[in-house]
Amino acid sequence: DGGITQSPKYLFRKEGQNVTLSCEQNLNHDAMYWYRQDPGQGLRLIYYSQIVNDFQKGDIAEGYSVSREKKESFPLTVTSAQKNPTAFYLCASSTPGQTYGYTFGSGTRLTVV
Amino acid sequence: AQSVTQLGSHVSVSEGALVLLRCNYSSSVPPYLFWYVQYPNQGLQLLLKYTSAATLVKGINGFEAEFKKSETSFHLTKPSAHMSDAAEYFCAVSESASYDKVIFGPGTSLSVIP
């Protein structure tokens, strides 16, 4: 079945470390997105990409970086510049004109230890 | 600019009772509107979507929502709550069919009391 795979499910990071969250989709979707979720704040857009080798900053891009070298993959790196990285991270994908909105992965919970 | 508000961060209903989750939006153009459901430690799943066709939209699991332009609302309802409906519900708005800027509301946590 087609879908979005995020890995790992749980991730622990030490202060000052960079970590990379994986997001892979086999839906042949053009666009991919990264959201951060904190309790009571809904979802906030970090980065999005509508085509390979191109991406745009969302509302809270500081301290994060992404790449889009392949249509299927959109990894997110949480850098040491992100001061409060503990959160639930969600990856999503979509294709313009589709009738079912975004498809989401199952998320990665990042905790700073 | 687009925005979404959800009245009530937490709603409790008895099993078998009506579920009503409120969503109001602001948009400068006719919007696309969505309701998503999230179970603990899971991603979001689309419940239903409004795209300027019928104003009453039926979704999965017995949920439906009505688009009311005059009230800028898109409230989610279900006639009879089931224990499995306990989850977080998000209303979302987009001004574009390409969905490149979907704005999510803060979410409403639904509890179902046996």
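Residues numbered from 1 in each chain as written. Chains lettered and ligands numbered in written order. Predicted model: local features only at pLDDT ≥ 70, side-chain atom pairs only at ≥ 80, totals over all residues. Heavy atoms only, no water.

**Student:** In this structure, what is going on with the sheet that holds strand 7 (residues 64-66) of chain A? I would like to understand it.
**Tutor:** Strand pairing in a sheet takes place through backbone hydrogen bonds and is either antiparallel or parallel in direction. Residues and elements named next belong to chain A. Read from one edge to the other, the open sheet built from 4 strands follows the order 1-3-8-7, with strand pairing classed as antiparallel. The open sheet has two edge strands, strand 1 (4-7) and strand 7, and neither has a second partner. Going across the sheet, the axis of each strand differs from the next one's by a mean of 20°, ignoring polarity. Relative to strand 3 (residues 19-25), strand 1 runs antiparallel, the two being bridged by 4 bridges. For S7, the partnering residue across the bridge sits in strand 3 and is S22. (Pairing = 2+ DSSP bridges. Helix = DSSP H or I, 4+ residues; strand = E, 2+ residues; numbered from the N terminus. Axes fitted to C-alpha atoms, helices over the stretch in contact; angles between N-to-C directions.)

**Student:** Sorry, what's going on with the pairing of strand 10 (residues 87-94) of chain B here?
**Tutor:** Every other side chain in a regular strand lies on the same face of the sheet, so the side chains alternate between the two faces. All names here are of chain B. With 7 of its 8 residues buried, strand 10 lies for the most part within the structure. Sheet topology places strand 5 (residues 32-38) next to strand 10; 7 bridges connect them, and they run antiparallel. Across the sheet, Q38 pairs through a bridge with E88, a residue of strand 10. Here 2 bridges tie strand 10 to strand 11 (residues 103-104), and the two strands are oriented antiparallel to one another. (Buried < 20%, exposed > 50% of the residue type's maximum accessible area, 1.4 Å probe, protein only.)

**Student:** Please explain the side chain of Q82(A) as it appears in this structure.
**Tutor:** Residues and elements named next belong to chain A. When you line up the elements, Q82 lands in the loop between strand 8 (76-78) and strand 9 (87-94). A polar contact is formed between the side chain of Q82 and the backbone oxygen of E62, at a distance of 3.0 Å. Among the polar contacts made by the side chain of Q82, one reaches the main-chain amide nitrogen of N84 at a distance of 3.1 Å. Not counting the four nearest positions on each side in its chain, Q82 is found in contact with R13, R36, E62, G63 and Y64. (Polar contact = N/O pair within 3.5 Å; in protein donor to acceptor, adjacent residues only side chain to side chain. Contact = heavy atoms within 4.5 Å.)

**Student:** I would appreciate a short explanation of a nonpolar patch on the surface in the present structure.
**Tutor:** All names here are of chain A. Together, Y10, F12 and V113 give the surface a local cluster of nonpolar side chains, amounting to about 360 Å² of exposed area. Mapping F12 onto the fold places it in strand 2 (residues 10-13). Note on F12: relative accessible area 55%, which makes it exposed. (Patch = residues over 30% accessible without salt bridge, like charges linked within 9 Å, V, L, I, M, F, W, Y side chains within 5 Å. Areas by Shrake-Rupley, 256 points an atom, 1.4 Å probe, with all protein chains shown as cover. Salt bridge = Lys/Arg side-chain N within 4 Å of Asp/Glu carboxyl O.)

**Student:** How do you make sense of the interface of chain A and chain B when you look at a structure like this?
**Tutor:** How big an interface is tends to be stated in terms of the accessible area lost upon association of its parts. In this complex, chain A contributes 28 residues to the contact, which on the side of chain B involves 19 residues. Here chain A packs against chain B, burying approximately 1,700 Å² in sum over the two surfaces, 53% of which is carbon and sulfur. Area buried by chain A at its contact with chain B is led by L43(A), Y102(A) and F104(A), which between them contribute 26% of it. At the surface where chain A touches chain B, the tally comes to 0 salt bridges. Taken together, the connections running from chain A to chain B amount to 5 residue pairs in polar contact (both at pLDDT 80 or more). Top contributing element to the side of chain A that touches chain B by residue count: strand 5 (residues 43-51) of chain A, with 4 residues. Classifying every residue of the side of chain A that touches chain B gives 12 nonpolar, 13 polar and 3 charged. (Buried area = accessible area lost by both parts, 1.4 Å probe. Nonpolar A, V, L, I, M, F, W, Y, C, P; charged D, E, K, R; others polar.)

**Student:** What exactly am I supposed to notice about the nonpolar core here?
**Tutor:** Note on soluble globular proteins: their nonpolar side chains tend to be buried together. One finds W35(B), L48(B), F74(B), L76(B) and Y89(B) to be the most contacted residues of the largest nonpolar core, which totals 26 residues. The set of elements that each furnish at least two residues to this core consists of strand 2 (10-14), strand 3 (19-21), strand 5, strand 6 (44-50), strand 8 (64-68), strand 9 (73-78), strand 10 and strand 12 (108-113) of chain B. The next biggest cluster of nonpolar side chains, apart from the first, holds 20 residues, and it includes C23(A), A61(A), A87(A) and Y89(A). (Core = buried A, V, L, I, M, F, W, Y, C linked by side-chain atoms within 4.5 Å.)

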